[in-house]
Amino acid sequence: MSTNGTGPTIVLDGEKVAYNPGETVYEAATRHGKDIPTLCYDPRLEPFGGCRLCVVEVEGARAPVASCTAQCQAGMEVRTRSARVEVHRRTLMEMLVSENREVDVDELTSLASQEMTELVDRYEARTGRFRGRQSGASRPDDPNPFIMRDYDNCISCYRCVRVCAEQEGDYAISVKGRGFDTQITVEFDGHLKESACTFCGQCVQTCPTGALGDLKALAYRDVAGETKKTRTVCPYCGVGCAVDLLTRGNTLIGVQPAMDGPANKGALCVKGQFAFDFVQHPDRLAHPLVRGEDGELHQAGWDEALDRAAEGFLRVRERYGRHAVYGVASGRAPHEAAYTMQKFIRGGFGTNHIDNCSRA
Amino acid sequence: MSNPLEDMEKPDVIFCIGTNMTECHPVAATRLKRAIANGAKLITADPRRIALAELADVYLPLRVGSDVSLLLAMAHVIHREGLTNQAFVEGRTTEAEAFLEHIEKFTPEWAETITEVPAADIERAAILYGKAERGAIYYTLGITEHICGVDNVQSLCNLALMTGNIGREGTGVNPMRGQNNIQGAGDAGALPNNYPGFQSVLDPAYQKKFEAVYGRKVDLELGPTKVRALEACGDGIHAMMINGENTVVTDPERHHCEEALKSLDLLVVIDLFLTETAQLADVVFPATAWGETDGVQTNTERRVQRLRKAVEPPGEAMPDWWIVSQIARRMGTPGFGFESAKDVFNELCELSPLYAGLDWDRIDRGEYHWPVPHKDHPGTPILHQGTFENGRGIFKLIRYRDPAEVISDEFPVWLTTGRRLPNYHTRTQTGRAAGIDYLAPGERLEIHPEDVVDWGLEDGGWAKMTSSRGCMMVRVEANARSPRGTVFTSFSFNDAPVNVLTGGGYDPVTDTAELKVCPVRVERP
Ligand code: SF4
Ligand code: SF4
Ligand code: FES
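Definitions and cut-offs
Residues numbered from 1 in each chain as written. Chains lettered and ligands numbered in written order. Predicted model: local features only at pLDDT ≥ 70, side-chain atom pairs only at ≥ 80, totals over all residues. Heavy atoms only, no water. Helix = DSSP H or I, 4+ residues; strand = E, 2+ residues; numbered from the N terminus. Contact = heavy atoms within 4.5 Å. Areas by Shrake-Rupley, 256 points an atom, 1.4 Å probe, with all protein chains shown as cover. Lys, Arg positive; Asp, Glu negative; His and termini not counted. Charge placed at Lys NZ, Arg CZ, Asp CG, Glu CD. Axes fitted to C-alpha atoms, helices over the stretch in contact; angles between N-to-C directions. Parallel < 35°, antiparallel > 145°, perpendicular 65-115°, else oblique. Left-handed = near helix turned anticlockwise from the far one by under 90°. Nonpolar A, V, L, I, M, F, W, Y, C, P; charged D, E, K, R; others polar. Near = heavy atom within 4 Å. Domains from an automatic or database assignment. Buried area = accessible area lost by both parts, 1.4 Å probe. Expected span 1.5 Å × (residues − 1). Buried < 20%, exposed > 50% of the residue type's maximum accessible area, 1.4 Å probe, protein only. Arc of directions from axis to C-beta. 1 Å grid on protein atoms, 1.4 Å probe; cavity = no way out; pocket = protein on both sides within 12 Å on 5 of 7 lines; lining within 4 Å. Points joined across faces, edges and corners; volume = space filled by probe spheres on them. Pairing = 2+ DSSP bridges. Phe/Tyr/Trp six-rings, centres within 6.5 Å; stacked < 30°, edge-to-face > 60°. Polar contact = N/O pair within 3.5 Å; in protein donor to acceptor, adjacent residues only side chain to side chain.

Participant: Can you help me understand the overall build of chain B in this one?
Facilitator: Looking only at helices and strands, one finds 19 helices and 20 strands in chain B. In chain B, 70% of the contacts between residues at least 6 apart in sequence involve partners at least 24 apart. In the form shown here, chain B has an accessible surface area of approximately 18300 Å², with 49% of it arising from carbon and sulfur atoms. Across chain B, the mean location of the 52 positive side-chain charges is 3 Å away from that of the 74 negative side-chain charges.

Participant: Please clarify how the packing of helix α4 (residues 67–80) of chain B against helix α10 (residues 149–163) of chain B should be interpreted in this entry.
Facilitator: The description of two packed helices rests on the angle between their axes and on the distance between the axes. Residues and elements named next belong to chain B. As a packed pair, α4 and α10 sit with axes 9 Å apart at the nearest point and diverge in direction by 15°. When the axis of α4 is compared with that of α10, the two are roughly parallel. For the crossing formed where α4 meets α10, the hand is left-handed. Of the residues in α10, those touching α4 at Asp67, Val68, Leu71, Met74, Ala75, Ile78 and His79 are Asp151, Asn152, Ser155, Leu156, Leu159, Met162 and Thr163. The residue makeup of the contact of α4 with α10, split by class, is eight nonpolar, four polar and two charged.

Participant: Any chance you could explain the site of ligand 1 here in plain terms?
Facilitator: What surrounds ligand 1 is the set A:Ile147, A:Cys164, A:Asp170, A:Ala172, A:Ile173, A:Cys197, A:Thr198, A:Phe199, A:Cys200, A:Gly201 and A:Cys203. When grouped by side-chain class, the residues that make up the shell around ligand 1 number eight nonpolar, two polar and one charged.

Participant: Can you help me understand the site of ligand 2 in this one?
Facilitator: Every residue close to ligand 2 is listed here: A:Cys234, A:Tyr236, A:Cys237, A:Gly240, A:Cys241, A:Leu268, A:Cys269, A:Gly272, B:Pro26 and B:Val27. More than one chain reaches ligand 2: its neighbouring residues belong to chains A and B.

Participant: Looking at this model, I keep getting lost on the domain arrangement of chain B. Mind explaining?
Facilitator: Many descriptions give the size of an interface as the accessible area lost when the pieces come together. All names here are of chain B. Looking at the assigned domains, one finds that chain B contains domain 1 (5–176), domain 2 (182–355) and domain 3 (413–523). In this structure, domain 2 and domain 3 have C-alpha centres spaced 30 Å apart. Contact residues are listed per partner, giving 15 residues for domain 2 and 18 residues for domain 3. Around 1400 Å² of area is buried between domain 2 and domain 3 when both sides are counted, 59% of it from carbon and sulfur atoms.

Participant: Looking at this structure, how should I read helix α8 (residues 302–320) of chain A?
Facilitator: One turn of an α-helix holds 3.6 residues; hence residues three or four places apart share an orientation. All names here are of chain A. Taking 1.5 Å of rise per residue, 19 residues should cover 27 Å, and α8 covers 27 Å from first to last C-alpha, within 8% of that figure. All of the buried residues in α8 are Trp302, Ala305, Leu306, Ala309, Ala310, Gly312, Phe313 and Val316. When α8 is viewed along its axis, its buried side chains cluster within an angular range of 150° and face the same direction. Structural note: α8 exposes Arg315, Glu318 and Arg319 on the side pointing more than 90 degrees away from its buried face.

Participant: I would appreciate a short explanation of the layout of surface pockets in the present structure.
Facilitator: If a probe the size of a water molecule is rolled over the atoms, the empty space left behind becomes visible. For the second largest pocket, the calculated volume is near 1100 Å³. Of all the elements in the fold, those that place two or more residues in the lining of the second largest pocket are α4 (159–168) of chain A together with α1 (21–24), α2 (26–37), α3 (51–55), α18 (436–439) and β16 (444–447) of chain B. If one sorts the elements of the lining of the second largest pocket by residue count, α2(B) sits on top with seven residues. Class assignment of the residues belonging to the lining of the second largest pocket gives a composition of 22 nonpolar, eight polar and 14 charged.

Participant: For this particular structure, what's the right way to read the sheet that holds strand β11 (residues 283–286) of chain B?
Facilitator: Adjacent strands of a sheet form backbone hydrogen bonds with each other and so pair up, either parallel or antiparallel. Strands sit in the order β14(A)-β13(A)-β11(B)-β10(B)-β9(B)-β15(A)-β16(A) across an open sheet of seven strands; the sheet is mixed. The open sheet has two free edges, formed respectively by β14 (297–299) and β16 (354–356) of chain A, since each of these has just one partner strand. Between one strand axis and the next, the sheet turns by 15° as a mean value, whatever way the strands run. Relative to strand β10 (residues 266–271) of chain B, strand β9 (residues 239–243) of chain B runs parallel, the two sharing five bridges. Paired with B:Met240 across the two strands is B:Leu267, which belongs to β10(B).

Participant: What am I meant to see in the sheet that holds strand β12 (residues 251–257) of chain A here?
Facilitator: Residue and element names in this part refer to chain A. If you walk across this open sheet you meet the three strands as β10-β11-β12, and the pairing is antiparallel. Since the sheet does not close on itself, it has two edges, and those belong to β10 (227–233) and β12, each with one partner. Ignoring which end each strand starts from, the neighbouring axes of this sheet average 30° apart. Judged from the six bridges that link them, strand β11 (residues 242–248) and β12 form a sheet pairing that is antiparallel. Looking at β12, one finds that aspartate 244 is bridged to glutamine 256.

Participant: When you look at the packing of aromatic side chains in this model, what are you seeing that I'm missing?
Facilitator: Where two aromatic rings form a pair, the distance of their centres and the angle of their planes describe that pair. One pass over the full model with this rule turns up 20 aromatic pairs over all chains. Relative to A:Phe274, the ring of A:Phe146 has its centre 4.7 Å away and its plane inclined at 25°; by these criteria the two rings are stacked. With A:Phe146 in the loop between α3 (115–122) and β6 (147–149) and A:Phe274 in helix α7 (residues 270–274), the pair connects residues that are 128 residues apart, well separated along the chain. Among the residues examined, A:Phe274 registers a relative accessible area of 0% and is labelled buried. Relative to B:Trp322, the ring of A:Trp302 lies with its centre 5.2 Å away and its plane at 90°, an arrangement referred to as edge-to-face. Placement of the pair is A:Trp302 in helix α8 and B:Trp322 in helix α16 (residues 320–330), with the two residues belonging to separate chains. Cluster of aromatic residues (ring-pair linked, three or more members): A:Phe146, A:Phe199 and A:Phe274.

Participant: Could you clarify how one ought to interpret the environment of B:Asn181 in this entry?
Facilitator: Examined against the element boundaries, B:Asn181 turns out to sit in the loop between β6 (172–175) and α11 (182–187). Taking C-alpha positions, B:Asn181 is 8.4 Å from B:Thr300, a pair spaced 119 residues apart along the chain. In this view, B:Asn181 contacts A:Gly331, A:Arg332, A:Ala333, A:Pro334, A:His335, B:Val296, B:Gln297 and B:Thr298; residues no more than four positions away in its chain are not counted. Polar contacts involving the side chain of B:Asn181 include one to the main-chain carbonyl oxygen of A:Ala333, which spans 2.9 Å. At 2.8 Å, the side chain of B:Asn181 and the backbone nitrogen of B:Thr298 are in polar contact.

Participant: Even after reading the chapter, I still don't get the environment of B:Ala404, so can you show me in this structure?
Facilitator: Residue and element names in this part refer to chain B. By the secondary structure assignment, alanine 404 is in the loop between β14 (393–394) and β15 (413–418). Overall, the relative accessible area of 38% leaves alanine 404 in the partly exposed class. Separated by 257 residues in sequence, alanine 404 and isoleucine 147 place their C-alpha atoms 6.7 Å apart. When near neighbours in sequence (up to four residues on either side) are disregarded, alanine 404 contacts Ile147, Gly504, Gly505 and Glu514.

Participant: Explain unusual backbone geometry here, please?
Facilitator: Only a minority of non-glycine residues have a phi that is not negative, and only a minority of peptide bonds are not trans. Cis geometry marks the peptide bond from B:Trp370 to B:Pro371, where omega comes out at -5°. Examined against the element boundaries, B:Pro371 turns out to sit in the loop between α17 (341–351) and β14. One non-glycine residue, A:Phe199, lies in positive phi territory at about 60°. Within the fold, A:Phe199 resides in the loop between β8 (183–186) and α5 (202–206). On the basis of relative accessibility, which here comes to 2%, the residue A:Phe199 falls in the buried class. Of note in the backbone geometry, B:His384 takes a positive phi value of approximately 60° without being a glycine. Secondary-structure assignment places B:His384 in the loop between α17 and β14.

Here it is in structure tokens:
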């Protein structure tokens with residue numbers, strides 16, 4: 001794609017392309033279809049420039065430049081895939097691998113959890129050329145039922161710390177130490193529950209290595225089948241966060257935030273993120289129930305139950321008149337429920353004897 | 001909300017009143033926190049020292065139920081300081097003269113005697129909001145669940161009107177909806193005063209329109225609210241259909257409510273679980289849950305979004321709309337031939353002018369905020385731009401009224417209620433999600449640590465709490481978020497049924513129960 005307007009341009013892998021003022025090299029390049037690897041990058045966060053995997057060559061610069069922090073400048077000549085940067089990236093990946101346990105990260109760990117694994121494969125980085133030391137000690141002692149804290153896999157990209165501060169605004173986690181001693185931690189090295197953490201799960205979803213994991217989804221890892229995603233909206237408060245439901249077969253196995261969700265842009269809270277499994281609780285009603293002669297509720301077929309309800313309403317109308325019937329719609333169910341409820345009352349009885357639960 | 005959620009990052013002054021947003025609407029709160037990090041000033045008015053109070057530049061710890069006096073005094077100061085937006089008031093409002101005269105006597109010193117907030121702080125807050133370039137107000141049930149809920153909302157509107165903080169980016173009067181589709185239930189017409197799309201049942205033109213739709217005569221008067229209908233059970237109301245609401249636990253005066261439902265000839269409940277309410281029913285229908293059904297939901301910023309089915313429901317559970325339609329058909333009511341949620345939603349779009357430009361396929365990506373009056377319309381993220389729906393913004397002359405019940409020697413403590421972050425409502429859902437108990441194992445009554453000592457209680461021990469209607473046992477949590485003399489609990493746990501105690505009064509306009517204020521006595525059991 002070349003430019004025909006008069007805006008500023010850069011030369012991207014030999015092609016002159018337009019950029020928007022203020023755009024970083026990474027943003028301009030991806031917008032023009034380039035595939036630059038990243039690890040510490042999350043488009044919602046301030047650029048950080050920590051992992052240096054996104055380096056590109058810039059004509060006139062001595063060393064490769066981190067494209068996620070470098071601003072475009074008119075006339076800049078950028079090479080995103082030269083042999084030199086590819087070697088550089090591969091070396092970085094080899095070093096990262098040497099610091100991490102060599103495990104495959106389960107896809108249920110989190111939304112971003114495959115980023116590291118995919119790059120390890122792409123750069124064939126398990127060469128054993130470096131001997132590193134793991135940085136970060138795991139916290140299997142944290143008893144919280146939502147967030148796995150397996151810092152053996154941590155690469156110190158700080159995405160969790162940054163998302164907690166910049167997106168969630170909770171500042172629950174921080175970085176301690178440097179180099180191989182770097183550790184992501186909470187106040188007093190304690191458990192998340194004792195910190196400012198609200199268990200929104202945002203740190204989990206942005207972690208690119210599987211160091212942080214969604215324990216609720218991982219509990220379903222043995223369920224057979226391919227993981228499917230279905231876009232829907234959270235069933236709790238009125239913010240209306242968009243989510244992807246993860247399913248295998250007929251089992252709901254987890255929730256991931258929709259990064260392009262119009263109301264939430266990738267954010268969720270503890271309820272939206274972790275409170276999905278009420279849906280498959282054994283207490284769910286599976287059959288209609290009808291009160292019997294004995295005064296108890298008994299399982300019944302649909303025909304029997306529907307007739308009982310319909311005849312009951314007809315009888316009350318006959319006996320007491322059409323104003324004796326009232327409908328209460330739900331503020332939790334979809335529009336179609338509320339719409340049919342009010343039509344049931346208005347169309348069936350000609351009254352306005354209908355309300356919803358917002359008054360309680 | 002008059003403005004979209006993304007506008008929450010744009011105000012320079014934010015006024016939060018009666019909203020514990022970080023716990024009840026956490027994701028919306030992240031946007032406010034970002035605005036504050038970028039320099040916006042925050043005014044928080046709440047009886048409890050909630051997280052938003054900690055973030056505030058001006059914190060107004062008002063006595064429960066005294067909001068109107070605070071807001072009158074803020075209006076007074078704004079006008080006294082010459083911060084009234086004359087151009088806006090002249091160009092877009094009416095009744096301003098009477099209003100400005102009305103507020104003359106409501107000084108911050110007067111308000112201090114009612115709210116217990118220092119007059120100087122009321123002044124600071126008023127001046128901050130009055131000088132805002134873009135001032136935005138956010139509130140929730142802390143404003144509406146009072147006998148004066150409508151007065152509270154209108155007092156907030158007065159402030160926005162006199163300063164011109166409405167109809168522009170980053171401003172507005174913004175109620176945050178507590179339930180995922182409470183907005184949508186209203187949009188769809190489940191209201192005693194409005195047909196779908198908020199078309200008044202008192203308007204002859206709409207009556208005609210809907211008579212034609214239903215093929216029958218319709219009543220020319222308002223229906224009773226749910227609260228009145230419950231009162232009339234057994235005496236006027238003899239059959240009820242309740243969809244997905246645990247009325248017995250959420251409504252005030254729990255015992256009355258149970259008795260009322262028991263006195264019906266027929267109670268039909270459609271729900272996911274055998275709730276306390278469903279247990280009283282004659283017929284219970286199993287509904288499909290979230291994740292098992294296609295449908296539509298409108299969020300607090302009037303954004304119309306699709307819900308999608310991902311798994312099959314348990315056993316024979318069916319969608320709510322299907323169940324209701326089947327009953328209607330068996331009664332011989334015409335117009336219930338729906339075969340899918342799409343059919344139902346598209347019929348709503350045909351009848352609601354607010355949805356006229358929408359249909360099932362167009363909302364696939366959730367980009368529209370209603371009103372969307374026709375197919376070429378881009379939707380309306382910001383309401384009241386340039387003009388109000390009914391022409392001009394009307395100032396209302398509001399007076400302070402005491403809550404329905406005030407503290408006395410017998411009941412010397414204010415009880416106020418709300419939600420906590422991990423749980424939702426009566427826990428029919430969060431209570432059945434693994435792990436949530438780790439964060440909130442049971443109900444707690446939050447009491448100021450010094451009151452805990454003064455009242456002879458112990459942190460973690462039991463307390464007996466009594467109102468004029470009932471009595472309950474609850475565990476004590478010493479917590480400085482509660483001011484002295486005011487205690488707080490949620491209504492999420494069935495073994496701590498706080499709505500046995502509440503229910504002293506109702507807003508005369510909306511019949512909303514005064515769940516936020518209840519005088520109680522708290523003592524060692
Ligand atoms: S779960 Fe949310 S609040 Fe807790 S550490 Fe992660 S980002 Fe921060
Ligand atoms: S994820 Fe949390 S904030 Fe978002 S809609 Fe659900 S309950 Fe509300
Ligand atoms: S992605 Fe640019 S430095 Fe990490």
